[in-house]
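Fold and contact review
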Protein chains: 2
Amino acid sequence: MWLIHQFPLCPFSRKVRLLLGEKGVGYELVREHPWERRDEFVDLNPAGRTPVMVESEKNITLIDSVAICEYFEETVEQAPMISGTAINRAEIRRLTAWFDQQFYGAVVDPLMNERMLKRLVHRASPDTGALREAMKAANGMLDYADYLLDHRNWLAGATLSLADLTAAAHISVADYLGGIDWRAHEQTRNWYSGLKSRPSFRPMLAERMGVIAPPDDYDKVDF
Amino acid sequence: MWLIHQFPLCPFSRKVRLLLGEKGVGYELVREHPWERRDEFVDLNPAGRTPVMVESEKNITLIDSVAICEYFEETVEQAPMISGTAINRAEIRRLTAWFDQQFYGAVVDPLMNERMLKRLVHRASPDTGALREAMKAANGMLDYADYLLDHRNWLAGATLSLADLTAAAHISVADYLGGIDWRAHEQTRNWYSGLKSRPSFRPMLAERMGVIAPPDDYDKVDF
């Protein structure tokens, strides 16, 4: 059985879990708070980041969400998520990187710092300027997602792909932390509503991160 | 003909150029300073980052160094750089991500800010505390590379892979900016010396970034 070392609001772990859910690969969760830098965890992954996947019977350890997704894409045929021509696949990987780097860096990471780590670890108040900046960045980036979804059924083209799962993972964490204003993002809201109703997504929406409560509409398909 | 939009000290563009060099794919360079955020460049890549590759006759645009490397790995058989079993490939991608994220974030990005952007753009002096932190981080990360190279011929295993090209790209930029102290990193120095002598690497070592001069040993195979 695969174990995933993760915590409920890790967007990179959510991405991997969505992929595994779509592919029908079973797993169990192990809770890990990477900011605590536990010795055993840093020994497992010198980068000190979640997710890490371990299959101890086969002696396999997989590290980094991109490497993990490519691994399961290569080894599990069901529900291909990086498919099509080489150009299609490049577009899927471009948008995956865009959400993993730009959206995470400008939106999810500051929201996690201000609304999660400051509350759980530093017992400090969030910086309202940083929150405003993150929400402004989210708004601009959802404009770009709206633009893509005006021209395509899914973010990277005609079919559901890793780009959609990656985007939904990051957006869901930003949404949990109150960073998304859904007004004026009709296309992205419709797309996200469809993703929320998938069996791969439902369990994650029921999880909570300690005392931090999401907005009322966070887990609703109609929002 | 492929065009690469890049600048001489962009580590992600260096990674792509090393891969293309190993695979024997020809290209021409287009100089782009992403910090200037030229409208035409942001239209080409909304993420505003280098490298971007364009093949205008075939109407192809490739964005993001990971997506670009995977594209050429899939379309050009020569010199496979993400090869072996699915587990080998996961290890190559793990280390590629480690250098692209951890080494870049803790070492290359601060060095570029302090020694390149402050000089060329902001006309300010570097922050010596930030430089010291970056060099300390580089030292710790080269310890990890030493450890890997104690057990393997190349960073990710028995053969040259994208992990080595990615590591060499980031280390070469850090080295150009005076951020690497090679003492006490015998294994990584030997490995890097071998990479520097490859035909894919030589042209890059001859390039200079404006008024910023590298250390004397920067382009020497013996250093």
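A brief look at the structure comes next. Given the structure is predicted, the values throughout are model-derived calculations rather than measurements.

How each quantity is defined
- Residues numbered from 1 in each chain as written.
- Chains lettered and ligands numbered in written order.
- Predicted model: local features only at pLDDT ≥ 70, side-chain atom pairs only at ≥ 80, totals over all residues.
- Heavy atoms only, no water.
- Least-squares fit on C-alpha atoms with pLDDT ≥ 70 in both.
- Contact = heavy atoms within 4.5 Å.
- Buried area = accessible area lost by both parts, 1.4 Å probe.
- Salt bridge = Lys/Arg side-chain N within 4 Å of Asp/Glu carboxyl O.
- Polar contact = N/O pair within 3.5 Å; in protein donor to acceptor, adjacent residues only side chain to side chain.
- Helix = DSSP H or I, 4+ residues; strand = E, 2+ residues; numbered from the N terminus.
- Phe/Tyr/Trp six-rings, centres within 6.5 Å; stacked < 30°, edge-to-face > 60°.
- Buried < 20%, exposed > 50% of the residue type's maximum accessible area, 1.4 Å probe, protein only.
- Lys NZ or Arg CZ within 6 Å of the ring centre and 35° of its normal.

1. Remarks on the relation of the copies chain A and chain B
Overlay of chain A on chain B (RMSD 0.0 Å): rotation 180 degrees, translation along the axis 0.0 Å. The two molecules are tied by a two-fold rotation axis, judged by turn and shift. By residue overlap, the copies meet face to face through one surface: 100% of the interface positions of chain A are interface positions in chain B.

2. A word on the interface of chain A and chain B
Taken together, the contact between chain A and chain B spans 23 residues of the former and 23 residues of the latter. Buried surface at the junction of chain A and chain B, summed over both partners, amounts to about 2,100 Å²; 61% is from carbon and sulfur atoms. Its salt-bridge partner being Arg89 of chain A, residue Glu74 of chain B comes within 2.7 Å of it at the nearest N-O pair. Scanning the region where chain A abuts chain B turns up 10 residue pairs in polar contact (both at pLDDT 80 or more). At the level of elements, β4 (60-63), α3 (65-75) and α4 (86-120) of chain A are the ones that each hand at least two residues to the side of chain A that touches chain B. A per-element tally of the side of chain A that touches chain B places α4 of chain A first, with 10 residues.

3. Some words on the packing of aromatic side chains
Residue and element names in this part refer to chain A. What the rule picks out here adds up to 30 aromatic pairs over all chains. A centroid spacing of 5.1 Å and a plane angle of 85 degrees characterise the contact between Trp98 and Phe99, whose relative ring orientation is edge-to-face. Like Phe99, Trp98 is buried. Cation over ring: Lys196 sits above Phe223, and NZ or CZ is 4.1 Å from the ring centre.

Shape descriptors only; they carry no functional weight alone.
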